[in-house]
Amino acid sequence: MTPPDSAVSVRDLRKTYGSVDALHDVSFDIARGETFALLGPNGAGKSTTIEILEGYRDRTGGAAEVLGVDPGRGGTDWKARLGIVLQSTGESGSATVREQLTHFAGFYPNPRNVDEVIEAVGLQEKQKTLIRKLSGGQRRRIDVALGIIGNPELLFLDEPTTGFDPEARRQFWQLILALKDEGTTILLTTHYLDEAARLSDRAGIIAGGSLIEVGAIDEIGGAEARTPVVRWIEDGVARSERTTEPSRLVAELVDRHGGAEVPQLEVVRPSLEDVYLELVERFDSSARDAASLHAAALDTTPNGGVR
Ligand SMILES: Nc1ncnc2c1ncn2[C@@H]1O[C@H](COP(=O)(O)OP(=O)(O)OP(=O)(O)O)[C@@H](O)[C@H]1O
């Protein structure tokens, strides 16, 4: 089932929690060495997908392979090849930063150097501090440090930079780019679309438990969604136009203004965030249409309408 260079392969993955249909028919591959972002609104099914792939959660249906192994059956050797940064901060213990990392390094056959990891997550000055005395953002760095201490082939990062200050996020990005250079495969979920765009090669967008789009980070959504928008003010009215030839339009506007400044002129290339919001909004509105069609059909069926 798995393409030969795949680190992760998912086919028709389904998960229900009681009556909640959390995932349906989700299929995607992640190549070895690739950084893949799984994006989507709250409750879309990202953590459920990740937890199934980590072997923490059973699936209801479909198939999955992670580093060539069914995650439902992965043993200790397989787990030692994974690095996991869960969504919630788990570390609050009474060990120091250095003690905790040294302790966890001992669980792995080929761990990273503890000093290097402490430096990579920017905790040199806190290495002798008890973890429970760290700030929330600093504890999150410990989560990331514990995720990479085992020198994983595949790293799962579930909203890794929540609570980071902007400088810490940039520092974290450098760390991830360095891991990527070393060939680590990374599966990232994040609500920061700039983070996904900066770090990932490809992304999948999940909404309502379905994968609605998957593709290269600078192609996702298709060429039309990426068309630049020219914005300006004319006669006191805000104008905008989508065009594949923004230079031509700008030249025309300058001409129309007799060579003077065009008020508040800007050319904006839609960002990953703009494309994402458009795709999710389109999904939401077709889900609303389907729900009202369904309600209308019930209403017209004999004894179907509940009033
Ligand atoms: N243990 C559980 N029991 C019942 N329902 C659950 C459970 N875990 C998740 N769900 C439901 O499954 C759906 C998907 O949740 P999931 O946590 O995978 O979403 P998510 O995309 O990770 O969201 P977020 O961005 O908020 O973390 C949601 O409707 C959620 O309420």
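Higher on the page you've got the structure.
Now for a description of the structure that goes with this document. (Residues numbered from 1 in each chain as written. Predicted model: local features only at pLDDT ≥ 70, side-chain atom pairs only at ≥ 80, totals over all residues.)

1. Topic: unusual backbone geometry
Inference 1: For asparagine 151, which is not a glycine, the phi torsion comes out positive at approximately 55°.
Inference 2: Within the element layout of this structure, asparagine 151 appears in the loop between helix H5 (136-148) and strand S6 (154-158).
Inference 3: Although it is not a glycine, glutamate 159 adopts a positive phi angle of roughly 50°.
Inference 4: Among the secondary structure elements, glutamate 159 is positioned in the loop between S6 and helix H6 (166-181). (Helix = DSSP H or I, 4+ residues; strand = E, 2+ residues; numbered from the N terminus.)

2. Digging into the sheet that holds strand S2 (residues 20-31)
Inference 1: Read from one edge of the open sheet, three strands run S2-S1-S4, paired in antiparallel fashion. Edge positions in the open sheet fall to S2 and strand S4 (61-66), since each of these has one partner strand only. Direction aside, neighbouring strands of the sheet carry axes that sit 15° apart on average. (Pairing = 2+ DSSP bridges. Axes fitted to C-alpha atoms, helices over the stretch in contact; angles between N-to-C directions.)

3. A word on the site of the ligand
Inference 1: Contacts to the ligand come from Tyr17, Val20, Ala22, Gly40, Asn42, Gly43, Ala44, Gly45, Lys46, Ser47 and Thr48.
Inference 2: Among the secondary structure elements, those contributing two or more residues to the shell around the ligand are S2 and helix H1 (46-54).
Inference 3: Among the elements that take part in the shell around the ligand, H1 stands out by supplying three residues, more than any other.
Inference 4: Classifying every residue of the shell around the ligand by side-chain character gives four nonpolar, six polar and one charged. (Near = placed C-beta within 6 Å. Nonpolar A, V, L, I, M, F, W, Y, C, P; charged D, E, K, R; others polar.)

Treat this as a map of the structure, not an account of what it does.
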